[in-house]
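Residue-level structural notes
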Amino acid sequence: MTASPGRRVLLAAPRGYCAGVDRAVIAVEKALEQYGAPIYVRHEIVHNKYVVQTLEKKGAIFVEQTAEVPEGSIVMFSAHGVAPVVHDEAAAGKLATIDATCPLVTKVHKEAVRFADEDFDILLIGHEGHEEVIGTSGEAPDHITLVDGPGDVAKVEVRDPSKVVWLSQTTLSVDETMETVDALKEKFPQLISPPSDDICYATQNRQLAVKQMGAEADLVIVVGSRNSSNSKRLVEVAKLAGARDAFLVDFADEIEEAWLEGVTTVGVTSGASVPEVLVEQVLEWLSQRGFEDVEIVKAAEESITFSLPKELRRDLRAEAAALVEQRTGTAPSAASSEK
């Protein structure tokens, strides 16, 4: 099909993988290559269906609880981070561990520990039940109160209004977070902000690009999974920016033809845990329906990279076997260690 007059695609840049996601996915691939399957991963390494399915085919086994991992095995912690109790569980289960927590999430964990040590009440802005929030809260449960949006502010209580600080989940909507912060500051005028922005650079850049395209796009398609917080925020940001409609899809075949009725401009972007191949499939789907003219909407340059987890430089299979041997006096058999 040839391009139809006036039909175009606005393609967000940057989009897709951020440095933390790229690091985590490569860490699983490297671990499988270096140590062989299985490599257990506590929770989805990143919130993307395609990535998880691809890694499962290579030998990764995703579990929700540390107790599901057989002793003497290797377990990797996801990019979202885990609470200290999870590290304790792994040690008790005689597991060798690889920590693939995004360094930007680790920064928030360290901030929580520091402010708790200084006896601050910590107001953590984030979504209840999200893995990142669970991990951060676990660093200082007696000091942290979750604030899930502006509507939660009225019920927040603190011990000393002069010693209160806010932190946030890294994948939130910037605008909604600041709305929550403003409401908290109105209630607690001496509220302290974190020393640096907690919402990650990639989340902000992807939202900025969507804001720029949203004012021109009739329809915005966000590629990402339903359990991806940053992907869902992109849908919200697109609508607030002026897009008539915005939808979240994992794959191109989820797009509905009816969405294109009366549409001349389609915005396309993807969440920070989405590989580019899925975006390319969406562009091909649109091209087959006359949307062949693609314009880049560039909001920022990204050049940040993170080094791989240090544990990948050690012989973790030998470490896991040694942990079991310390408790039982015998190393695990090849069969038991591969369960």
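Residues numbered from 1 in each chain as written. Predicted model: local features only at pLDDT ≥ 70, side-chain atom pairs only at ≥ 80, totals over all residues. Heavy atoms only, no water.

**A look at the UniProt feature "binding site: isopentenyl diphosphate" (unreviewed entry) in the protein**
In the numbering used here, UniProt assigns the feature "binding site: isopentenyl diphosphate" (unreviewed entry) to His 47, His 80, His 130, Ser 228, Ser 229, Asn 230 and Ser 273. As for the annotated residues, the ones lining the largest cavity are His 47, His 80, His 130, Ser 228, Ser 229, Asn 230 and Ser 273. Residue placement: Asn 230 occurs in helix α8 (residues 229-241). Once you skip the residues sitting within four places of it in the chain, Asn 230 turns out to touch Thr 171, Thr 203, Gly 271 and Ala 272. Tracing the backbone shows Ser 273 in the loop between β11 (265-270) and α9 (276-287). (UniProt positions renumbered as here; feature names shortened; annotations may be inferred. 1 Å grid on protein atoms, 1.4 Å probe; cavity = no way out; pocket = protein on both sides within 12 Å on 5 of 7 lines; lining within 4 Å. Helix = DSSP H or I, 4+ residues; strand = E, 2+ residues; numbered from the N terminus. Contact = heavy atoms within 4.5 Å.)

**A closer look at the nonpolar core**
Ranked by size, the top nonpolar core spans 32 residues in total, and within it Val 28, Tyr 35, Ile 45, Val 46, Met 76 and Ile 98 carry the most contacts. Taken together, the elements giving at least two residues each to this core come down to α1 (19-35), β2 (39-42), α2 (49-58), β3 (60-63), β4 (74-77), β5 (96-99), α7 (201-214) and α10 (316-328). Here this core gets nine residues from one element, more than from any other, and that element is α1. For Tyr 35, the contacting residues outside a window of four places in its chain are Ile 74, Ile 98, Glu 311, Leu 312, Arg 314, Asp 315, Leu 316 and Arg 317. (Core = buried A, V, L, I, M, F, W, Y, C linked by side-chain atoms within 4.5 Å. Buried < 20%, exposed > 50% of the residue type's maximum accessible area, 1.4 Å probe, protein only.)

**Things to note about the sheet that holds β3**
The four strands lie next to each other as β3-β2-β4-β5, forming an open sheet whose pairing is parallel. Edge positions in the sheet fall to β3 and β5, since each of these pairs with one other strand and no more. Taken over all neighbouring pairs, the strand axes of this sheet differ in orientation by 30° on average, direction set aside. Pairing of β2 with β3, which is carried by four bridges, proceeds in the parallel orientation. Bridged to Val 41 within β3 is Phe 62. The strands that helix α3 (residues 84-92) touches are β2, β4 and β5; relative to β4, the one it contacts most, it runs at about 175°. (Pairing = 2+ DSSP bridges. Axes fitted to C-alpha atoms, helices over the stretch in contact; angles between N-to-C directions.)

**With respect to the UniProt feature "binding site: dimethylallyl diphosphate" (unreviewed entry) in the protein**
Those places that UniProt annotates as "binding site: dimethylallyl diphosphate" (unreviewed entry) correspond, in this numbering, to His 47, His 80, His 130, Ser 228, Ser 229, Asn 230 and Ser 273. Here His 47 is to be found in the loop between β2 and α2. By relative accessible area, which is 5% here, His 47 ends up buried. Not counting chain neighbours up to four residues away, the residues in contact with His 47 comprise His 80, His 130, Glu 131, Ser 225, Asn 227, Ser 228 and Ser 273. Engagement of the side chain of His 47 in a polar contact is seen with the side chain of His 43, the distance being 2.9 Å. Here His 80 shows up in the loop between β4 and α3. Look at His 80 and you get buried, because its relative accessible area is 10%. With residues near it in sequence (within four places) discarded, His 80 still touches His 43, Glu 44, Ile 45, Val 46, His 47, Val 105, His 130, Glu 131 and Glu 132. There is a polar contact of 3.5 Å between the side chain of His 80 and the side chain of His 47. (Polar contact = N/O pair within 3.5 Å; in protein donor to acceptor, adjacent residues only side chain to side chain.)

**A look at the pairing of β11**
The side chains of a regular strand alternate between both faces of the sheet. The buried fraction of β11 amounts to six of the six residues, a majority that puts the element mostly inside the structure. Of the two faces of β11, the one carrying Thr 265, Gly 267 and Thr 269 and the one carrying Val 266, Val 268 and Ser 270 are both buried. Of the pairings in the sheet, the one linking strand β1 (residues 8-13) to β11 comprises four bridges and is parallel in character. Across the sheet, the residue bridging to Val 9 is Val 266, located in β11.

**Notes on the packing of aromatic side chains**
In total, this model carries two aromatic pairs according to the counting rule given. Centre to centre, the rings of Phe 115 and Phe 120 are 5.4 Å apart; their planes meet at 75°, and the pair counts as edge-to-face. Comparing Phe 115 with Phe 120, the two get one shared label, buried. Ring centres of Phe 247 and Trp 259 lie 3.9 Å apart, and the angle between their planes is 0°; this geometry places the pair in the stacked category. On the criterion of sequence distance, the pair formed by Phe 247 in strand β10 (residues 245-249) and Trp 259 in the loop between β10 and β11 is long-range, its members being 12 residues apart. Lying across the ring of Phe 115, Arg 114 places its NZ or CZ 4.5 Å from the centre. (Phe/Tyr/Trp six-rings, centres within 6.5 Å; stacked < 30°, edge-to-face > 60°. Lys NZ or Arg CZ within 6 Å of the ring centre and 35° of its normal.)

**A few points about the pattern of salt bridges**
Throughout the structure, instances matching the rule amount to 19 salt bridges. Linking Arg 8 and Glu 216 is a salt bridge whose minimum nitrogen-to-oxygen distance equals 2.9 Å. With Arg 8 in strand β1 and Glu 216 in the loop between α7 and β9 (219-223), the pair connects residues that are 208 residues apart, well separated along the chain. Its salt-bridge partner being Arg 233, residue Glu 236 comes within 2.9 Å of it at the nearest N-O pair. On the criterion of helical spacing, the pair formed by Glu 236 and Arg 233 is a turn pair, its members being three residues apart in helix α8. If you follow the salt bridges from partner to partner, you end up with Arg 8, Glu 216 and Glu 295 in one network. (Salt bridge = Lys/Arg side-chain N within 4 Å of Asp/Glu carboxyl O.)

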